[in-house]
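Each chain, letter by letter, is given below.
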Amino acid sequence: MGKEMITAEQIKEKLSVPFDGGEILKSAKKWKRILQEEQSDFIDKKVAILGGSTTKHVRDTLELFLLREGVRCDFYESEYNRFWEEGVFENRALEQFSPDIIYVFTSYRNLDFDEPLERQYERYELLWEKLQQRYHCTILQNNFELPFYRLLGNQDAVLSKGDTYYVNQMNEKLYTYARNSKNFYIVDLHYLAAEFGLSRWYDLNTWYLYKYAFSLEAVPLVAWNVSRIIKAMCGKNKKGFVLDLDNTLWGGVIGEDGPDHIEIGEGTPVGEAYLEFQRYLKRHEELGIVLNICSKNDLNIALEGIQKEENLLKQDDFFQIQSNWKRKDENLKIIADKLNVSVESLVFLDDNPAEREIVNQNIPNVETPSLDSVEHYIQFVDQNHFFEVLSLSEEDQKRADMYRENKLRKQEEDKFQDYGSYLHSLQMTARIHPFQEAEWDRIFQLIQKSNQFNLTTKRYTMSDIQEMSGNSDYLTLSGRLKDKFGDNGIVSLIVAQKEENTAHIRLWVMSCRVLGRNMELAMFDALLARCRQCGINKLKGYYFPTNKNGMVRDLFQTLGFEHETGDTWCYTIPDNGQEMNEHIVIEKEEA
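Fair warning: this is a prediction, and the values are worked out from it, not measured in the lab.

### Describing the packing of helix 2 (residues 21–38) against helix 3 (residues 56–68)
At step 1: Helix 3 packs onto helix 2 with a crossing angle of 40° between their chain directions and a minimal axis gap of 9 Å. Between helix 2 and helix 3, the angle is such that the two are oblique. You can see that helix 2 and helix 3 cross each other, and the crossing is left-handed. Of helix 3, the residues touching helix 2 (which contributes Ile 24, Leu 25, Ala 28, Trp 31, Lys 32, Leu 35 and Gln 36) are His 57, Asp 60, Thr 61, Glu 63, Leu 64, Phe 65, Leu 67 and Arg 68.
At step 2: Grouping the amino acids of the contact of helix 2 with helix 3 by side-chain chemistry returns eight nonpolar, three polar and four charged.

### Points about the pairing of strand 2 (residues 71–77)
At step 1: One ladder, built from seven bridges, connects strand 1 (residues 43–51) with strand 2; its direction is parallel. Note on strand 2: the bridge partner recorded for Val 47 is Phe 75.
At step 2: As a crossover connection, the stretch from strand 1 through helix 3 into strand 2 is right-handed.

### Section: the environment of Ile 573
At step 1: Mapped onto the fold, Ile 573 is located in the loop between strand 17 (568–572) and strand 18 (584–586).
At step 2: In sequence terms Ile 573 and Tyr 103 are 470 residues apart; their C-alpha atoms lie 44 Å from each other.
At step 3: With sequence-adjacent residues up to four places away left out, Ile 573 is seen in contact with Leu 528, Cys 531, Arg 532, Ile 536, Asn 537, Lys 538 and Leu 539.

### What to know about the environment of Gly 305
At step 1: One can find Gly 305 in helix 14 (residues 299–306).
At step 2: Separated by 44 residues in sequence, Gly 305 and His 261 have C-alpha atoms that sit 9.8 Å apart.

### Quick notes on the pairing of strand 16 (residues 562–565)
At step 1: Two elements, strand 16 and strand 17, share three bridges in a ladder whose sense is antiparallel. Bridged to His 563 within strand 17 is Trp 569.
At step 2: Here strand 16 hands over to strand 17 after two residues, with Gly 566 in that stretch at a positive phi of 55°.

Each value, and the rule that gives it
Residues numbered from 1 in each chain as written. Predicted model: local features only at pLDDT ≥ 70, side-chain atom pairs only at ≥ 80, totals over all residues. Heavy atoms only, no water. Axes fitted to C-alpha atoms, helices over the stretch in contact; angles between N-to-C directions. Helix = DSSP H or I, 4+ residues; strand = E, 2+ residues; numbered from the N terminus. Parallel < 35°, antiparallel > 145°, perpendicular 65-115°, else oblique. Left-handed = near helix turned anticlockwise from the far one by under 90°. Contact = heavy atoms within 4.5 Å. Nonpolar A, V, L, I, M, F, W, Y, C, P; charged D, E, K, R; others polar. Pairing = 2+ DSSP bridges. Right-handed = clockwise from strand over helix to strand, strands pointing away.

The following block contains the structure:
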């Protein structure tokens, strides 16, 4: 009999938490080939790993986890334990590679405890500064795990002679640097080793034989966590939860047991576990992650359960409540439509494996993590890093409010038969100006997250954004939209590169939550005005189709561009022209 074939979907399932690290290491080469053949519209990244120990298996497993997310990587690996020399001194091979991301893969093994702490930290800071100056890319840096022994026993973390003290102080310096730096992220080896267990983390045999800093069993866990950061950089984060009710948010079946007999709250161990899970979800809501319900229940019965006093999550915490007898995959699509997001950007939490399987069969890219018993729910969800945070802005924390404001806008739209009258009723105002330093984080986020209104799918790094902001060869526009229901924040960006009398539109993205509101017209008017000021009389636009950006296929034609060839469109800028935007008032800013 021949070997049993494995499909790409089965591989993706095996690359989900909880996974079998040994199977991943053994099957990496075969799984890589299958995943690469499965799709064509990958996001391509160049990743350089500067290693303080052996990095081969880290690279192999990281590559698999990223392929699962639709990110295809080309890798550069430093010579063994030459991370500092290759990063600090001139390195033609690395320069020719031109990395998008540099991962400094160091560990406890790379610390010299005889060297003064400040001096050793300064060597790392010099490394990061040299990498930024030369390569203008994102840097990922491992922090340091605890040592496998404590020379001073329980005082090892207290007294300055202790290695534990040294590690903790060094990590604090790394965290301070990360808080004050753009494009620099910590890979939390310290937490991972604690989660994994130090006694399992260290395998001294593999260290002495092969110079692996920690056990091969732990390698996929580290690679998984690194992949979560890169996935977030590529705009692959999820945007919301869709939650079942019975045995997911509370214990019991409300349709059979009634609201008085479902388990939630401090009264029982099971009730406490569900309450803590609700508290965990509530904290996501505070970070801007939107919560929704998808339950097979009569709506009135579902609401009786939600309104039960012991619930921490109340009706107002949920953007959409779809409680009916439809298939759950159908309800997920309704929720996504009302949120104006892709259904793949939602995470479906349901204790029933049959319901999860139905959703998987009909919407393959929706994440449906296993939930076996309530005391493990938080761990199962949390280890998946669905919402990996790179930075946390005030706008992020208001995102759930923005979804609610959009709901009010939809209700307002339903009052009007004429769409233009509806737009006018919103009383929209916009600020459109060049990229500003205070907005760099949000600009970076929007570039990474935008998939549907994204003409070129270019993913600029933070270093790119900083460089273009002060470069006269580029025209940059950032657009913020407000209306009577609230502030949508920065919702659209344009980057155009000047070449003589022509500006090439290298990037044009817009948030899905303001589609159909004339903001694209306001941005185009602003771009034309900037071009006239610079003596530019021609625009070149580019549309590179993907599976997700079909909605902007005809944008250039609608704006009056002429199709030139292939992916290229051309527009001759008139000396004076009537503005296309009719419904948004543009706020004038002081020069």
